[in-house]
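# Structural overview
The lines below spell out each chain.
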Amino acid sequence: MASMELLPNLPPPPQEIPPGVVPMKVELRKGCGSVRERLRPNFNQMNGPRPGVKGKKIPLLTNYFRVCFQGGISQLYSYSVNVYYENGDPVTRSNLIRKVIHKLWEIYSPELGGQAFASDGQQRLFTTSPLPQNKQDFTVVLDSATSKRSKTDGNLSNGESNEGDQKRQKIISRYKTFKVQIKFVSDIPFQSMLDGPRGVKSGNNEVLFALDTILQHSNAKRNCLLLCQSYFPNEMKNFMDLTGGILGCRGFHSSFQSVQGGLFFNLDVSTTAIVQPGPLVNFLMANQNVDNPFKIDWTKANILKNLRIKLSHSNREHKITGLSNRRCKEEKFLLQLRGSDNHNVQTVEVTVYDYFVRRLGIGLSYSSNLPCINVGSQLHPQFIPVELCSLVSLQRYKKELSVHQRSLLVNKSSQKPMELMKHLNEELKANNYDTDPMLGTFGISINKCFTEVGGRILSPPQLRVGNKQDLAPRFSRWSFNDKIFVEPKGIEFWAVVNFSTGYDVRAFCIGMTKLGATKGMNIRPPEFVFEENAKHKKKLGSVRVKKMFEQILSKFPKDPPRFLFCFLPKKFSNLYGPWKKRCLMNFGIRNQCIAKNRADETYLASVILKINAKVGGLNSMLSAELSQTIPLVSKVPTMILAMGVTHAPSSRSDLPSVAAVVGSRQWPMISCYRASICTQPPKTETIHSLFRPVSDSEDTGIIRELLMDFYASSGNRRPEQIIIFRHGLNESQFKQIISEMEEIIKACKFLDETWSPKFTLIVAQRRHHNKLFQANSSDNIPPGTVVDTKICHPLYNNFYMCAHAARVGTSRPIHYFVLLDEIGFSSDNVQELVHCLCYVSQRCTSSIYEVAPIRYARLASAQMLEIMKTEGPQLPKLHKNVCNTMFFC
């Protein structure tokens, strides 16, 4: 508000409005009005693309292939489809829905005009011309082997009939009847794809979805495994052994993309994990690492549940529902035998083994002493000898892969740029999309050449290390050889905890002391080395950790060590979660875990970086932080936030999701951060606890504690600007971030109603399928490459940034969207800021592929999730001694 002393100097207001002058509507200044009034205009206007100019130009190629139009129809038609079993239950299996629709089109093609169609396997259907009626009902009969809902194979349930009845029963049960209802939804103007600026127009999501559905429909006819917009052909050359009976499966992602340059076809490689097809017993032997069927531990065979098998004697498929309680030669059922006159019924008890061998004449070599496979229900089981069962191919493995399996999948599926380009070219030619009848109806053809796009290479930022030395990263990397940390911190009161065996702890302590000294850290010898009692080694991880802390507290009852080194027997040991919980939440002790098989010199050199950060030091920083020359950030108190949610694996539905928000501190620095964590309902992406008032004067939300920490660590200055990085959102979720912004602004207003910081909101996406290649080289694109034209979104200010040098495979850039910018960054400024933030990670001596605060948020939430995997879904608060530290490094 203007001061009263200035009011007399203002000109008097006009007595009346001059004729012909239209009063101008005055907008509320930022910070006034409701939060939604403040945010919605910015999201609706969406500040279109604003290309930058800084950097050295570089010609690039991308895996976008131009879509050409050569005339054709101007619109397509959308219908909803509902498929029901004969009893009225809805069909939910995508494969079965596709088969029913395909059969429907075969039977009723004349009534439907004989036109082409595409189904998404759920409730959407697209045609190239309208159907005769807006609403139609059909009855479709499928062979049960086709529908894969067979209920009989030898009728191994109580109450069997004679041979004649069996034949009649097979004929009756062979067919399944389905009810199909098709209803018109809307027509979709296909021509609108070409009517907008830059060849595209907003509101084209329906057109893109329809085109993608056509692609998936074509791949479904090839019997590919379909996962979202990826497809996986059933070809042995695409399988990679990951050990344990699990295979990696190579496939492709395909989609149409409406971008600044027009409509393009995006083709990329994709991978997933599947169970090993073939004899079921071979899979179990591989899964349990045994060499013959009689060594299989059947108590661990629950991995089989819900997998599909094909029976060798009938060539029909079933879903596994369980195992028999007894061996095949002992498992009995009642068999009803009818006489020749069909009146005399005799009930006899036979074993499953005798039934298949003596009555059906099927030879069994090893199944007699093994359990049977149940393909019926628990009340009405139907048992099959195990050697007659083979796992169907392309069944997705949905459980979490082990560390070793993940490593194998990454190594075996990675491809160098030229190898990847060759692979994509071969698939594009082999699939021959131009022959698809529906795409042909639209007049669509796909160019076979990779699209050329212009990029720019940003120069790496200067870094400051100890002794006021500046260094320039070379190809995104630097070294601390003969250099010390910019802010080294010592460790005076620490101890070693050894859960491992066979490692020379004394040599480790000497090595750490010497290595720390070369980096400027004063690391004194440990106060004590705690060895685990051998009698506890076979106990649960939580019990072993509890016993170890009993040792520590008995040695140091009043004042435990300030830092603990913990040797674990292996990475991701079941000791990790209980150990972190005790250290971070119960006792507030900073700590570092080390896996025995990784404790070599190279590994320790990276560990010393994490240790210095955890004890409050700083390894390196941007020179621009010291000179305060970061545009729009160094001159005004600015806070950087990074937010994200990590979800538990699908096999752990009992665990909540973990939200982490990381905030910068000690402005004008942008290299120091702390994290706040909270849990929320499983699989929810919107963060719930940003603002949580419990009274008129108390807010327990996680934003408040980050704001208070920034204020305390930045010379009692509150941020006038807040830059928010949000990861984990796709375009369809952009609108929901408004609610998160509302909560953040409310948290600010709760502290001071007059406080209205400016915001810039940036969403970072790494789960996309855009790859960039050098046009004149077989190498990966250089670090610092940025692309903000042609293949970028047509409606947002957005760009692709590849800040790192990929060591394995083909580098993948991060896609950044600037959704809100009240601070007023130019495109060059925001791209430079993002690039610089990839160089401030304290965990390594190279740039990383995403901005450091996002990496920290990901690490913090992942660490809390590991704690909950072993300690349960309740997550205690961080101890006050560690909550302000970079414990997540």
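Right above here is the structure, for reference.
My aim in this report is to walk through the structure given alongside it, one point at a time. (Residues numbered from 1 in each chain as written. Predicted model: local features only at pLDDT ≥ 70, side-chain atom pairs only at ≥ 80, totals over all residues. Heavy atoms only, no water.)

### Focus: the state of the cysteines
- By the definition in use, this model includes 0 disulfides.
- Its sulfur unpaired, C224 is 9.3 Å from the next cysteine sulfur, which belongs to C249. (Disulfide = S-S within 2.5 Å.)

### Description of the sheet that holds strand β20 (residues 383-385)
- Ordered by their spatial adjacency, 3 strands build an open sheet running β16-β19-β20, and the pairing between neighbours is antiparallel. Since the sheet does not close on itself, it has two edges, and those belong to β16 (322-327) and β20, each with one partner. Averaged over all adjacent pairs, the angle separating strand axes in this sheet is 40°, with direction ignored.
- Relative to strand β19 (residues 371-374), β16 is paired through 3 bridges, and the arrangement is antiparallel. When the bridges of β19 are listed, G322 appears paired with N374.
- The strands touched by helix α7 (residues 352-359) within the sheet are β19 and β20, with β20 carrying the most contacts at an inclination of about 65°. (Pairing = 2+ DSSP bridges. Helix = DSSP H or I, 4+ residues; strand = E, 2+ residues; numbered from the N terminus. Axes fitted to C-alpha atoms, helices over the stretch in contact; angles between N-to-C directions. Contact = heavy atoms within 4.5 Å.)

### Re helix α17 (residues 737-751)
- Between its terminal C-alpha atoms α17 stretches 22 Å, which fits the 21 Å expected from 15 residues at 1.5 Å a residue.
- Taken across its 15 residues, α17 has 11 buried, putting it largely inside the fold.
- Of the positions making up α17, those classed as buried are I737, I738, E740, M741, E742, E743, I744, I745, A747, C748 and K749. (Expected span 1.5 Å × (residues − 1). Buried < 20%, exposed > 50% of the residue type's maximum accessible area, 1.4 Å probe, protein only.)

### Brief notes about the pairing of strand β2 (residues 64-69)
- As defined by bridge partners, β2 adjoins strand β12 (residues 262-275) across 3 bridges and the pair is classed as antiparallel. Each residue of the ladder has a partner; that of R66, found in β12, is F264.
- Here β2 pairs with strand β22 (residues 444-446) via 3 bridges, running antiparallel. Looking at β22, one finds that F69 is bridged to I444.

### Points about the sheet that holds strand β5 (residues 124-127)
- Spatially, the 5 strands line up as an open sheet ordered β4-β5-β3-β7-β6, and their pairing is antiparallel. Only two strands of the sheet have a single partner each, and these edge strands are β4 (117-119) and β6 (135-143). Averaged over all neighbouring strand pairs, the angle between strand axes comes to 30°, with direction disregarded.
- With 11 bridges joining them, strand β3 (residues 75-85) and strand β7 (residues 175-189) adopt antiparallel strand pairing. Bridge pairing in β7 places V83 opposite V180.
- Sheet strands in contact with helix α2 (residues 94-107) are β3, β4, β5, β6 and β7, and its direction is about 105° off that of β6.
- This element, helix α5 (residues 205-220), spans β3, β4, β5 and β7 of the sheet and lies at about 90° to β4.

### Considering the nonpolar core
- With 84 residues, the main nonpolar core has F725 and Y816 as its most contacted residues.
- Looking at which element gives the most residues to this core, the answer is helix α19 (residues 852-871), with 9 residues.
- In contact with Y816, not counting residues within four places along its chain, are I762, V763, A764, N797, N798, F799, M801, V834, C838, Y849, E850 and V851. (Core = buried A, V, L, I, M, F, W, Y, C linked by side-chain atoms within 4.5 Å.)

### Details of unusual backbone geometry
- Cis geometry marks the peptide bond from W667 to P668, where omega comes out at 15°.
- Topologically, P668 is positioned in the loop between β32 (657-664) and β33 (673-680).
- At C228, a position not held by glycine, the phi torsion is positive, near 55°.
- In this structure, C228 sits in the loop between β8 (225-227) and β9 (230-232).
- A relative accessible area of 76% means that C228 is categorised as exposed.

### Observations regarding the environment of E330
- Among the structural elements, E330 can be located in the loop between β16 and β17 (332-338).
- For E330, a relative accessible area of 33% puts it in the partly exposed group.
- For E330 and L370, which are 40 residues apart along the polypeptide, the C-alpha to C-alpha distance reads 9.7 Å.

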